[in-house]
Amino acid sequence: MPQSPADALFPEMRARVRTIFNHALAECSIPQAFGRKLQCRGRHLQSGTQIYDLKAFERILVVSIGKAGHSMAEAFANIIGTGLTGIIASPTAPPAQLFGFRYFTGGHPLPNGESLRAGDAILRLVHELSPETLAVFLISGGASAIAEKPISHGITLEDVIQTYRALVHSGAPIAQINAIRKHLSALKGGRLARAAAPSHQLSVLVSDVPEGSLDALASGPTMPDTTTVNECYDLAHRYQLLARFPPSVRSLFSGRELAETPKAGDPAFAHSHYATVLSNATAVNAAVESAKLGGFAVEVDNRCDDWDYQPAADHLLQRLRELRGGAPRACLISGGEVTVKVGSASGLGGRNQHFALYCAEKIAGENITVLSAGTDGIDGNSSAAGAIADGSTLERARQRGLDAATALARFDSFPLFHAIGDAIMTGPTGNNVRDLRIMLAY
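Residues numbered from 1 in each chain as written. Predicted model: local features only at pLDDT ≥ 70, side-chain atom pairs only at ≥ 80, totals over all residues. Heavy atoms only, no water.

Okay, the overall build of the protein next. Tallying secondary structure elements over the protein gives 16 helices and 15 strands in all. By the compact-globule yardstick of 22 Å for 442 residues, the protein fits well, its C-alpha radius of gyration being 22 Å. With the principal axes as the frame, the protein shows a C-alpha extent of 75 × 55 × 35 Å. By the burial criterion, 56% of the 442 residues in the protein qualify as buried. If you take every contact in the protein between residues at least 6 apart in sequence, the share linking residues at least 24 apart comes to 78%. Surface summary for the protein: the accessible area is close to 17500 Å², and the carbon and sulfur share equals 52%. Both charge centroids of the protein, one from 40 positive and one from 41 negative side chains, sit 1 Å from each other. (Helix = DSSP H or I, 4+ residues; strand = E, 2+ residues; numbered from the N terminus. Rg over C-alpha atoms; globule rule 2.2 N^0.38 Å. Buried < 20%, exposed > 50% of the residue type's maximum accessible area, 1.4 Å probe, protein only. Contact = heavy atoms within 4.5 Å. Areas by Shrake-Rupley, 256 points an atom, 1.4 Å probe, with all protein chains shown as cover. Lys, Arg positive; Asp, Glu negative; His and termini not counted. Charge placed at Lys NZ, Arg CZ, Asp CG, Glu CD.)

This part is about the environment of Leu 54. Assignment of secondary structure puts Leu 54 in the loop between strand S3 (50-53) and strand S4 (59-65). The exposure class assigned to Leu 54 is buried, which follows from its relative accessible area of 4%. Considering only alpha carbons, one finds Leu 54 and Gln 176, 122 residues apart in sequence, at a separation of 38 Å. Apart from residues no more than four positions distant in its own chain, Leu 54 is found in contact with Cys 40, Arg 43, Leu 45, Ile 60, Ile 80 and Leu 134.

By size, the foremost hydrophobic cluster in this structure holds 56 residues, and its most contacted members are Phe 34, Phe 76, Leu 138, Leu 436, Ile 438 and Leu 440. By size, the runner-up hydrophobic cluster in this structure holds 37 residues, among which are Cys 304, Ala 313, Leu 408 and Phe 417. (Core = buried A, V, L, I, M, F, W, Y, C linked by side-chain atoms within 4.5 Å.)

To continue, consider the side chain of Thr 393. Within the fold, Thr 393 resides in helix H14 (residues 393-399). At 2.8 Å, the side chain of Thr 393 and the backbone nitrogen of Asp 390 are in polar contact. Once you skip the residues sitting within four places of it in the chain, Thr 393 turns out to touch Ala 360, Ile 388, Leu 416, Phe 417 and Ile 420. (Polar contact = N/O pair within 3.5 Å; in protein donor to acceptor, adjacent residues only side chain to side chain.)

The end-to-end C-alpha distance of helix H4 (residues 113-126), which contains 14 residues, comes to 21 Å, matching closely the 20 Å that a straight helix rising 1.5 Å per residue would cover. All buried positions along H4 are accounted for by Ser 115, Leu 116, Ala 118, Gly 119, Ala 121, Ile 122, Leu 123 and Val 126. Once H4 finishes, Glu 128 follows within two positions and takes phi at roughly 60°, a positive value. (Expected span 1.5 Å × (residues − 1).)

Right, let's talk about unusual backbone geometry for a bit. In this structure, the amide linkage connecting His 108 to the following residue, Pro 109, adopts the cis form with an omega of 5°. Looking at the element boundaries, Pro 109 is found in the loop between strand S6 (101-105) and H4. Omega for the peptide link from Ala 197 to Pro 198 comes to 10°, which places this bond in the cis form. For Pro 198, the position within the fold is in the loop between helix H8 (191-196) and strand S8 (200-206). The phi dihedral of Arg 256 falls on the positive side, at around 50°, and the residue is not glycine. Inspection of the secondary structure puts Arg 256 in the loop between helix H10 (247-254) and strand S9 (272-278). Phi is positive for Arg 434, which is not a glycine, with a value near 75°. On the secondary structure map, Arg 434 appears in the loop between strand S14 (423-424) and strand S15 (435-441).

Our focus in this paragraph is the pairing of strand S1 (residues 38-41). Within a regular strand, the side chains alternate between the two sheet faces. The pairing of S1 with strand S2 (residues 44-47) spans 4 bridges and is classified as antiparallel. Note on S2: the bridge partner recorded for Gln 39 is Gln 46. Where S1 folds back on S2, the antiparallel hairpin that results is connected by 2 residues, among which Gly 42 adopts a positive phi of roughly 65°. (Pairing = 2+ DSSP bridges.)

In this section: the packing of helix H6 (residues 157-168) against helix H7 (residues 174-183). Contact geometry for H6 and H7: axes closest at 10 Å, N-to-C directions at 160°. For the element pair H6 / H7, the angle class is roughly antiparallel. Read as a crossing pair, H6 and H7 show a hand that is right-handed. Residues Tyr 164, Leu 167 and Val 168 of H6 form the contact with H7, whose participating residues are Ile 177, Ile 180 and Arg 181. (Axes fitted to C-alpha atoms, helices over the stretch in contact; angles between N-to-C directions. Parallel < 35°, antiparallel > 145°, perpendicular 65-115°, else oblique. Left-handed = near helix turned anticlockwise from the far one by under 90°.)

With 14 residues, helix H11 (residues 280-293) should cover 20 Å at 1.5 Å per step; its first-to-last C-alpha distance of 20 Å lies within 8% of that length. Taken together, the buried positions of H11 are occupied by Asn 280, Ala 283, Val 284, Ala 286, Ala 287, Val 288, Ser 290 and Ala 291. Looking one or two residues past H11, Gly 295 carries a phi angle of roughly 90°, positive in sign.

With respect to the helices and strands, Ser 279 occurs in the loop between S9 and H11. With 251 residues separating them in the primary sequence, Ser 279 and Cys 28 have C-alpha atoms 8.4 Å apart. Not counting chain neighbours up to four residues away, the residues in contact with Ser 279 comprise Ser 207, Glu 211 and Val 433.

Strand order in this open sheet of 6 strands is S10-S11-S15-S12-S13-S14, and the pairing throughout is mixed. Each having just a single partner strand, strand S10 (297-300) and S14 make up the two edges of the open sheet. Relative to S15, strand S12 (residues 368-374) runs antiparallel, the two being bridged by 7 bridges. When the sheet's bridge partners are listed, Val 370 is paired in S15 with Met 439. The strands touched by H11 within the sheet are S10, strand S11 (330-335) and S15, with S11 carrying the most contacts at an inclination of about 170°. Together, S10, S11, S12 and S15 form the strand contacts of helix H12 (residues 309-324), whose direction differs from that of S11 by roughly 150°.

Below, the structure is given as structure tokens:
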């Protein structure tokens, strides 16, 4: 049977959308970002208008936590030079460790024993620092789980894991999840800054949170907290979390015993400076550049950031079809994250693959290609970063004996996309600036 023009276009557009995504990943290079945002001339470190005379400090300590823990520390060391010491906590072991640093391999998305050991070691490191110390905090996404210290000695590792699991599966946006994490942690919500006071503090950020919500990044260990204990109590009620929390955590909520976190104006932040070197906007702008070079009319729509995946997909697909009416090749790019409330029948996948599979049902037979992927290279509990769906996905899955509706109901999208060759397998990127959705209509 001869191949139709649409059938011939599908593989081409799947390759095209991968190229756009890969270009966005490449432009989010941490060494490049550090080189743009931080300069060291002689012994003077400059971050924006802030200049540190490194000779004026008796000690320079570095704490680097998150999915980009090692790559951020390596980039900073390349700028400053030798002689740095500190702690690095990341989810994977690096090919080679930096001299002078103690390493921890924390868990993600759920903490592990190393996460708690990292949190304890960090607090011990910054204990009783003087004003003659420069504490440099390199913070990236994922650090909430990768470095942790419960606020109460009665909260065990198993309790922390159960609490994190309840939060991750609640369907709440990341900023709300992290509001609760902040108030359950001795490290988060500005408490690390308080522990490190009265040192001078520089926080360098690779952001995986919505623009304007930087204190949600890694649950804001070094930033004034904009959330409150009353918000936490309201969120626990709204998302029916108390029954899923362990008794040690549940009692703090039911007894309204959570302690408030430090806010703006607290003396802990008197000598703090913050520099965002990468964010989701970096990835979005790079994707726009690549799509335009490919001859697409491009629009950016980030309005569905933190929406549930179904209304987000419906909204973006409707807008894409509208764009296609005015251009032969249209591209819609959307940054940020969608939420998925995972049911009891949980398979292998993540929010990006779930989003893509839902789209596959909505675009069957159409000349539309959808990519949804995480810039960290990890989507949920799978080994993929995300997936690509197009008008031929359902038919190609059926030819392999796979049913998309069943996979969607079971939250089991990865096996389907992997079987048809449309899972995006980058491996951990050592970076994280949130998710990217790229949609093509042709």
